[in-house]
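Overview (structure and organization)
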Amino acid sequence: MFKNLRLNRRQALWFGLTTLAGMGTIGGHKFSSLAQQIAAVSSSTNFTAVGTNSLRQRAAAKGLIYGAAVRHKSLASNPTFNKSFANECGVLVPEWDLKWATLRPDINSFDFTYADWLANYARNQKMLFRGHTLVWHDSLPAWFGQKVNQSNAKQVLLKHIETVVRRYAGQIHSWDVVNEAINIKDGRSDGLRNTPWLKLLGPDYIEIAFRAAAKADPKALLVYNDYGLDVDYWEDEAKRSAVLKLLERLKSKGTPIHALGIQAHMEARTTRFNPSRLVEFVRRVAKLGLKVMITEMDVRDTNLPNDPVIRANAVAYVYKDYLSAVLKEPSVIGVMTWGLSDRYTWLAEDGQPLTGAPVKPLPLDYDFKRKSAWYAIASALDQAPKR
Ligand code: XIL
């Protein structure tokens, strides 16, 4: 397969990097993936799409949805970004403004200022509005640890879910009811993460949350959302298996759960992506009668050469490889990226990557222009079978 491959400087650099990382050594798929990846990073011509339609339009043409996470602050403060967001997205996911830390100034009150702003924006732009997230171990307010205990935890959880879900009932497309409840490293036989909610309420907190959400909005699509489910590695395999067991348990108890959200935070230099493993998992989820959404996709371009073309195309390659595989599955109903433009990405919150180059994981560049990742998503959507 590599016989006729003459590598230019750029390709040689990438080849050296991936070979060092062990790529091409495990399994048939990896070999062809390496060849494709070398070809892909050498030129942007592999990432093209016909016409100028937005991602929103391309997704809609296939009966799919495309959207992105966003903060009130970036939409409200940057008119150019605001215009790009309105153009590209058919779904708005509050990145921050529906989390406990923003919604809950104290145990007795709610502050919906920014969440309402985003809900109105979505309504005005005729976008779907996706709720993220009702139950998570992270982004809990400072008062939580002091005020919530075993005797009031259930009531606090129910009040939160009833109040928040009812407020957006009729407008919300889907709710991430429980986020990131599995963590293999916590060592429990059921794979559950040792979260404050687990400590306070035991494993039933998940079912309690789904039932409360369904009661408050019987029409919303209720989602379990998690990360680390993507690659061909023992850790992800263990997590896929624990997530499947959790979903099976919930379904067998008649819990109102309708979809799995696969976050899909990827790394461009990954050597472990194997589409058939992921597809196999998606099919097992679908067999439980659940839909699947790719909910938070981004592709980190850290630990790559500084060459901007290699970096951009390596990111695009992962989008294309990942999305063209999952979008063939009829159970997959949509794709959301975790941000739209490289100007506003949570990955930059951790500071600059080792190379010193700014992280560029999203479809639009810093100045809101379409880049190779955008074209990769566009062509994956164009090639997806119609729902
Ligand atoms: C992140 C936001 O993007 C950051 O701005 C914030 O500081 C922390 O949360 N998985 C999730 C998201 O489910 O809620 C996280 O969002 C990213 C990882």
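The preceding data block contains the structure.
These lines cover the structure that appears in this document, whether it is placed above or below. Quick caveat, the model's predicted, so the values are computed rather than measured. (Residues numbered from 1 in each chain as written. Predicted model: local features only at pLDDT ≥ 70, side-chain atom pairs only at ≥ 80, totals over all residues. Heavy atoms only, no water.)

1. A word on the packing of helix 14 (residues 308-326) against helix 15 (residues 372-383)
Put simply, the test is: Note on method: axes are straight lines fitted to C-alpha atoms, helices fitted across the in-contact stretch only, with angles between N-to-C directions ranging 0 to 180 degrees. Secondary structure elements follow DSSP: runs of H or I of four or more residues count as helices, runs of E of two or more count as strands, with numbering from the N terminus. Should an angle fall under 35 degrees it is taken as roughly parallel, and over 145 as roughly antiparallel, whereas 65 to 115 is taken as roughly perpendicular and any remaining angle as oblique. By the definition used in this description, the sense in which the near helix is turned from the far one sets the handedness, with an anticlockwise turn below a right angle giving left-handed and a clockwise turn giving right-handed. By definition, residues are in contact when any of their heavy atoms lie within 4.5 Å.
Two numbers describe how helix 14 lies on helix 15: the axes approach to 8 Å, and their chain directions differ by 15°. The pairing of helix 14 with helix 15 is recorded here as roughly parallel in orientation. You can see that helix 14 and helix 15 cross each other, and the crossing is right-handed. Taken together, the residues of helix 15 that come into contact with helix 14 (itself represented by Ala312, Asn313, Val315, Ala316, Tyr319, Lys320, Leu323 and Ser324) are Ser372, Ala373, Ala376, Ile377, Ser379, Ala380 and Gln383.

2. Observations regarding the site of the ligand
In plain terms, the rule: Residues are counted as near a molecule or strand when any one of their heavy atoms sits within 4 Å of it. Side-chain atoms alone can form a polar contact between residues adjacent in sequence; in general such a contact is a pair of N or O atoms within 3.5 Å, and within protein one must be able to donate a hydrogen while the other accepts it. Note on areas: Shrake-Rupley with a 1.4 Å probe; residue coverage comes only from the protein chains shown. Using protein atoms alone on a 1 Å grid, points that fit a 1.4 Å probe yet trap it form a cavity, whereas open point sets bounded by protein on both sides within 12 Å along at least five of seven lines form a pocket; residues with an atom within 4 Å of a point count as lining. Occupancy of a cavity or pocket is assigned to a molecule whenever over half of its atoms lie within 2 Å of that pocket's grid points. Charged residues are taken to be Asp, Glu, Lys and Arg, nonpolar residues to be Ala, Val, Leu, Ile, Met, Phe, Trp, Tyr, Cys and Pro, and polar residues to be all remaining types, Gly included.
Within the structure, the ligand sits among 14 residues, and Arg71, Glu95, Lys99, His132 and Glu349 are positioned closest to it. Contacts to the ligand include His132, whose side-chain N or O atom sits 2.7 Å from an oxygen atom. Protein contacts shield 88% of the accessible area of the ligand, which totals 410 Å² for the unbound molecule. In this structure the site holding the ligand corresponds to the largest pocket. By residue class, the composition of the shell around the ligand is four nonpolar, four polar and six charged.

3. Describing the pairing of strand 3 (residues 128-135)
Let me state the cut-off plainly: Three labels apply to residues, based on accessible area from a 1.4 Å probe with only protein chains included: buried if under 20% of the type maximum, exposed if over 50%, partly exposed otherwise in between. Note on pairing: DSSP must find at least two bridges between two strands before they are called paired.
When you tally the buried positions in strand 3, you get seven out of eight residues, the bulk of the element. As judged from the two bridges shared by strand 2 (residues 91-94) and strand 3, these two strands associate in the parallel manner. When the bridges of strand 3 are listed, Val91 appears paired with Leu128. In terms of strand pairing, strand 3 meets strand 4 (residues 172-179) through five bridges, oriented parallel. In the strand pairing of strand 4, Arg130 is matched with Ser174.

4. Thoughts on empty space enclosed by the protein
Test applied: Grid points are joined across faces, edges and corners, and a volume is the space filled by probe spheres set on the points.
Within this structure, the stated rule accounts for two cavities of 30 Å³ or more. Split by residue class, the lining of the second largest cavity holds six nonpolar, three polar and one charged.

5. Some points on the pattern of salt bridges
Rules: Each salt bridge in this description consists of a side-chain nitrogen of Lys or Arg and a carboxyl oxygen of Asp or Glu lying within 4 Å of one another.
Applying the stated criterion across every chain, the model contains 19 salt bridges. The partner of Glu88 in a salt bridge is Arg370, with the nearest N and O atoms 2.9 Å apart. Pair noted here: Glu88 is in helix 5 (residues 79-88) and Arg370 is in the loop between strand 9 (332-337) and helix 15, with a separation of 282 residues, a long-range link. By relative accessible area, Glu88 is classed as buried at 2%. Arg370 gets classed as partly exposed once you look at its relative accessible area, which sits at 27%. In this structure, the salt-bridge partner of Arg277 is Glu237, at a minimum N-O distance of 3.9 Å. Within this pair, whereas Arg277 is found in helix 13 (residues 275-287), its partner Glu237 is found in helix 12 (residues 234-252), the two being separated by 40 residues in sequence. Accessibility expressed as a relative area gives 31% for Arg277, which makes it partly exposed. One salt-bridge network, held together by shared partners, links Asp232, Glu237, Arg240, Arg277 and Glu280.

6. Points about the packing of helix 12 against helix 13
For the pair helix 12 and helix 13, the least separation of the axes is 11 Å and the interaxial angle reads 10°. Taken together, the axis directions place helix 12 and helix 13 in an arrangement best described as roughly parallel. Of helix 13, the residues touching helix 12 (which contributes Glu237, Arg240, Val243, Leu244 and Leu247) are Arg277, Phe281, Arg284 and Val285. Within the contact of helix 12 with helix 13, the residues separate by chemical class into five nonpolar, no polar and four charged.

7. Observations concerning the nonpolar core
So the rule is basically this: Buried Ala, Val, Leu, Ile, Met, Phe, Trp, Tyr and Cys residues form a nonpolar core when they are joined through side-chain atoms within 4.5 Å.
In this structure, Phe85, Trp175, Tyr224 and Tyr322 are the most contacted members of the largest nonpolar core, which totals 110 residues. In this structure Trp175 touches Leu98, Gly131, His132, Leu134, Val164, Val165, Tyr168, Ala220, Leu221, Leu222 and Val223, once residues within four positions along its chain are discounted. In this structure, Ala69, Val223, Ala259 and Met293 belong to the second largest nonpolar core, which totals ten residues.

8. With respect to the environment of Pro385
Structurally, Pro385 is set in the segment after helix 15. Among the residues examined, Pro385 registers a relative accessible area of 36% and is labelled partly exposed. Distance from Pro385 to Leu327, taken between C-alpha atoms, is 7.5 Å for residues 58 residues apart in sequence. Sequence-distant contacts of Pro385, defined by excluding residues within four places in its chain, comprise Lys62, Leu327 and Lys328.

9. Section: the packing of aromatic side chains
How we decide: Here a Phe, Tyr or Trp ring, Trp counted by its six-membered ring, pairs with any other such ring whose centre lies within 6.5 Å, and the pair is stacked when the planes are under 30 degrees apart, edge-to-face when over 60, and tilted otherwise. Remark: a charge is flagged as sitting over a ring if the NZ atom of Lys or the CZ atom of Arg is within 6 Å of the ring centre and within 35 degrees of the ring normal.
Scanning the model with the defined rule gives 16 aromatic pairs in all. When the ring of Trp100 is compared with that of Phe144, the centres are 5.8 Å apart and the planes differ by 85°; the resulting orientation is edge-to-face. Of the two residues, Trp100 is situated in helix 6 (residues 100-103) and Phe144 in helix 8 (residues 143-147); the sequence distance between them amounts to 44 residues. Counting every residue linked through ring pairs, the aromatic cluster contains Phe81, Phe85, Trp117, Tyr121, Tyr344 and Phe368. Sitting above the plane of the Phe110 ring, Arg104 keeps its charged end 3.9 Å from the centroid. Seen from the ring of Tyr233, Arg272 lies directly overhead, with NZ or CZ sitting 4.0 Å from the centre.

Keep in mind these numbers describe shape, not what the thing actually does.
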